[in-house]
Each structure stands twice: as structure tokens, then as C-alpha cells.
Amino acid sequence: MNKDFDLKFSFWNYVPLSPSSKEMVREWKTLGMNMAMSHVYDPANCKKEDMIALLDECQKEGIQVLVYDLRTSFHTFIQMGEEAFKEGVKEAAEDFGHHPAVYGFCLGDEPNFEQVDAFIQTSLIVQAVMPWLTPFGNLIPYFGDKETQALLGRSEEFYRSLVNRIVKEGRMPSLGYDHYVQCYDEDMDQKKGIKEFLYGLRQYGKIARENDIPLYVSLLSVRHWFYREPTFDDFRWQLSMSLAHGARGFFWFFLQEGVLEHGFGEPPFAGPNHRKTPLYDRLMGAQERFQRETLPLFNDLRYEDCLYFGDGMERSVKMMGMEIKAERNQLSVLSIFTAKDGQMVAMLVNGDQRKANLYRVKKQDGSQMDCYLLPGELRLFHLLEKGGLSNE
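I will try to describe carefully the structure that is included in this document. (Residues numbered from 1 in each chain as written. Predicted model: local features only at pLDDT ≥ 70, side-chain atom pairs only at ≥ 80, totals over all residues. Heavy atoms only, no water.)

1. Looking at the side chain of Asn350
Locating Asn350 in the fold gives a position in strand β15 (residues 344-350). Looking at Asn350, its side chain comes within polar contact range of the main-chain oxygen of Leu373, at 3.1 Å. For Asn350, the residues in contact, after removing those within four places along its chain, are Trp237, Gln330, Leu331, Lys355, Ala356, Asn357, Tyr359, Leu373, Leu374, Pro375, Gly376 and Glu377. (Helix = DSSP H or I, 4+ residues; strand = E, 2+ residues; numbered from the N terminus. Polar contact = N/O pair within 3.5 Å; in protein donor to acceptor, adjacent residues only side chain to side chain. Contact = heavy atoms within 4.5 Å.)

2. Structural notes on the nonpolar core
Of all hydrophobic cores here, the largest spans 109 residues; its most connected members are Trp28 and Leu175. The residues touching Trp28, leaving out its near neighbours within four places in the chain, are Phe11, Asn13, Met33, Ala36, Met37, His39, Leu54, Cys58, Ile63 and Leu255. In this structure, Ala326, Ile336, Ala346 and Leu373 belong to the second largest nonpolar core, which totals 17 residues. (Core = buried A, V, L, I, M, F, W, Y, C linked by side-chain atoms within 4.5 Å. Buried < 20%, exposed > 50% of the residue type's maximum accessible area, 1.4 Å probe, protein only.)

3. Topic: the sheet that holds strand β3 (residues 64-67)
Judged by pairing direction, the sheet is parallel, and its eight strands sit side by side in the order β1-β8-β7-β6-β5-β4-β3-β2 without closing on themselves. Since the sheet does not close on itself, it has two edges, and those belong to β1 (8-11) and β2 (35-37), each with one partner. Pairwise comparison of adjacent strand axes, ignoring direction, gives a mean angle of 30° for this sheet. With three bridges joining them, strand β4 (residues 102-109) and strand β5 (residues 136-139) adopt parallel strand pairing. Opposite Gly108, over in β5, you have Gly137 as the bridge partner. (Pairing = 2+ DSSP bridges. Axes fitted to C-alpha atoms, helices over the stretch in contact; angles between N-to-C directions.)

4. Here's the deal with the pattern of salt bridges
Under the defined criterion, the tally for this structure stands at 25 salt bridges. The partner of Asp95 in a salt bridge is Lys48, with the nearest N and O atoms 3.5 Å apart. Within this pair, whereas Asp95 is found in helix α4 (residues 82-96), its partner Lys48 is found in helix α2 (residues 48-61), the two being separated by 47 residues in sequence. Note on Lys48: relative accessible area 39%, which makes it partly exposed. Between Arg289 and Glu377 there is a salt bridge, and its shortest N-O distance comes to 2.5 Å. Placement of Arg289 in helix α10 (residues 278-294) and of Glu377 in the loop between β17 (368-373) and β18 (378-383) is noted, with a sequence separation of 88 residues between them. Given the relative accessible area of 30%, Arg289 is considered partly exposed. Since its relative accessible area comes to 9%, Glu377 is described here as buried. Linked through salt bridges whose partners overlap, the residues forming this network are Lys48, Asp69, Arg71, Glu91 and Asp95. (Salt bridge = Lys/Arg side-chain N within 4 Å of Asp/Glu carboxyl O.)

5. Focus: the sheet that holds strand β12 (residues 316-319)
Taken in spatial order, the four strands make up an open sheet running β12-β13-β16-β17, and their pairing is antiparallel. This sheet does not close on itself; its edge strands, each paired only once, are β12 and β17. Shown here is a sheet whose adjacent strand axes are inclined to one another by a mean of 20°, direction ignored. Taken together, the four bridges between β12 and strand β13 (residues 322-326) define a ladder with antiparallel strand orientation. Note that in β13 the partner of Ser316 across the bridge is Lys325.

6. Structural notes on the pairing of β18
Of all the six residues making up β18, five are buried; the element is thus mostly covered by neighbouring parts of the structure. Judged from the six bridges that link them, β15 and β18 form a sheet pairing that is antiparallel. Paired with Val349 across the bridge in β18 is Leu378.

7. Details of the layout of surface pockets
If a probe as big as a water molecule is rolled over the atoms, it shows which places are left empty. Reported here for the largest pocket is a volume of approximately 650 Å³. Lining the largest pocket are 24 residues; nearest its centre among them are Lys191, Lys192, Ile194, Lys195 and Asp311. Within the residue set of the lining of the largest pocket, elements represented by two or more residues are α6 (146-152) and α8 (190-210). With nine residues, the top contributor of residues to the lining of the largest pocket is α8. Across the lining of the largest pocket, the residue classes break down as six nonpolar, five polar and 13 charged. What the second largest pocket holds in volume is close to 290 Å³. Taken together, 18 residues make up the lining of the second largest pocket; nearest its centre are Phe5, Arg248, Leu301, Arg302 and Tyr303. Of the residues contributing to the lining of the second largest pocket, the split by class is eight nonpolar, four polar and six charged. (1 Å grid on protein atoms, 1.4 Å probe; cavity = no way out; pocket = protein on both sides within 12 Å on 5 of 7 lines; lining within 4 Å. Points joined across faces, edges and corners; volume = space filled by probe spheres on them. Nonpolar A, V, L, I, M, F, W, Y, C, P; charged D, E, K, R; others polar.)

8. Description of the environment of Glu293
Looking at the secondary structure, you find Glu293 in helix α10. Sequence separation between Glu293 and Leu378 is 85 residues, and the spatial gap between their C-alpha atoms is 8.5 Å.

This is how it looks when you write it as C-alpha cells:
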């Protein structure tokens, strides 16, 4: 199995496949996507040659593809039964599984408690038929806040056992889930939403590391339910905070208008002509800058741990011979990563979504430098052998 820990930038795609689908590939590339979820292929209504054309364009642009083919969905497994489902998966493998752009097939999204067994069986069947590919399935944010767990009568250990069971029995090559409470509307408890988002990152991240698989997080890129339209700062904050907790993939929900028009705001590409909205510029700007700061460096780094400071806690933190003190008492995160050669890298993130902060970094030799970070902005430091600090 290919355990690919390189950073992935992707998105959710609910648009039915059509002859014009291939026209979006260059737009995906411009946005900085290195992995695409294909348009939805329904063998009853779509043409195989349209998917091949889409895959060909992705190959030209160097984009890996997760094929969204209804024949590999756990919902189809439930509807058709195991034997018929296996035949459909074999047909999907024959149609698209050997194309060089294909990374894997989508297994489906958010199985509920009653669907977990079907989700696991779907994963096993798809991997048995296509062992050379890497399937992707996405879970719901099982880890709610403590109050929600108490109301549901579910413990943290219950959810940990459930997710571990899905990963181990389904032989999942990655762990993916979605969470959007970090972008609550103004009249919601935004601080609680951020706390719950970070809690989920820690819990899912721990399970991913225990199983030595990458963590993929689905993040908000379109207004819906009680979630606001993300600002430039929101996009940057989501990327940085996810990376600060060990995430290796970022899936935006969602890019292009398809079958989810009602109750959703305009995504980065709106309407049948893929009109670019203000969200397009915000997402492209935030992701482009984030990638300049993290790629290719983070493809060779392994997450170790993170700690919080500020926001009612101490405003300063000491680690490995360095000291960082924040001017404002607001949430900040310090994460540690290790390279293959043993080199250690520290990442400082301003964890506030609306306010900038000034950080005074004291090096081992007593010298000092100032870092002014905007909301969600990050700064990297290469740690020296004896616990000192060098700016990168």
C-alpha cells in the first residue's frame, strides 16, 4: 500500500461528469490543487470517454485524481449487495483504474453508525480489486465537545474505538474527516466552535499517527448551515492550524456549484459558466502563500507534537532552548516536526482568527527577534543541535 505523506491539496466535487468537465482541470491547477476529486461518474448517465478526457488533462497538469465513481461507493454496496457491488468495482477498475493519473477511488462520505460495516466492506473490496491504488473515504466529526458526548451518552473512548475499528478492519490508507464549526456565524458560540475543531484535530491526529497513516481534513470554502462565508484570514487559519496538528491533506468543501445549490452560498466557481466569485481570489491567495511557505519542506517532515499558549494560559512558552512570548494574550500554537535526517523544525502559528500578534523569540545565545503574525499566519524555525534557534 502506498503510504504517501506528501501534502495534498484537494476539494470535494459533486458535479456530474459531462463533456465539459475537462475544462476545469487548468483552473484546479491554478488554484494550487495537486489532487483532484473527479466529477461524479454514474455509469447509467455518463460517458466513459468524458472521464478519460478529464484524466488525460489531469495527467498533463501533474494532478493526481480520486475518481468519484458511484460503483465504488458504500451506498452502492448497501443498495446492490456484495456480489453485484464487486462486479461494479471490477468494471470501474477496468474502465479507469489503470490510467496513470488515477491515485484511487472514492469510497463515500460520512457513514453513520448503521453504515460503518458497509463502509469497511467497501474499502476491503475496492482494495482487493485494485491493490495498486489508494482509496479515499471520509468520516464525520465523531469527536464532538464534551457536552455533546454527555448528551449522546457516548464517551471519547467510544469514538476512538469506532474510528480505530474503521481504520484497522477497513485497512484504510488514510484517515479523513470533515469539520466546519471553526467558521461559525457571528451569533453562534465561535470560541466553542474553535475549541471543538481543535479537539477533533487532536483526536483524529492521534489515531492517524498510531496507525502510521496520513490525516486528511476537509475544510470550509463555502457558506452553508450556520457557517459563515470564509474570509482570506479564515482560509489561512484553517490551513495553518490543520498543519500545526499534523494534517497532511486539505480538502475544500467545495469548489464548484453542482447539485448542492439550495442552502449553500456561492462557491469559488458559481453557476453553469463557472463564474469566479470573491472566494476564488481568497482561496487562491491563501493557498498559494501557504504552499510557498510549506512546500516542498513539509513533504520531508514528520509531525511530533504541539502545544498552546495564550488565550487565558501563559503568554510565553519555552521549548528546546528557545523562548517565545506573545504580546497579546490570544491563542497561539507551537508545533514541532522532525526531518528524515533528524533535523527539527518548529512552527509558530497565530491561532487567533481576527487579530494579529507580536511574538518575541529569544534564542539560546540571548539574542532576540520579533515576529509579527497576521491571523492564522505561520513562521518556521530550524532548531539547532543544542536547542538553539535559527530563523527560516
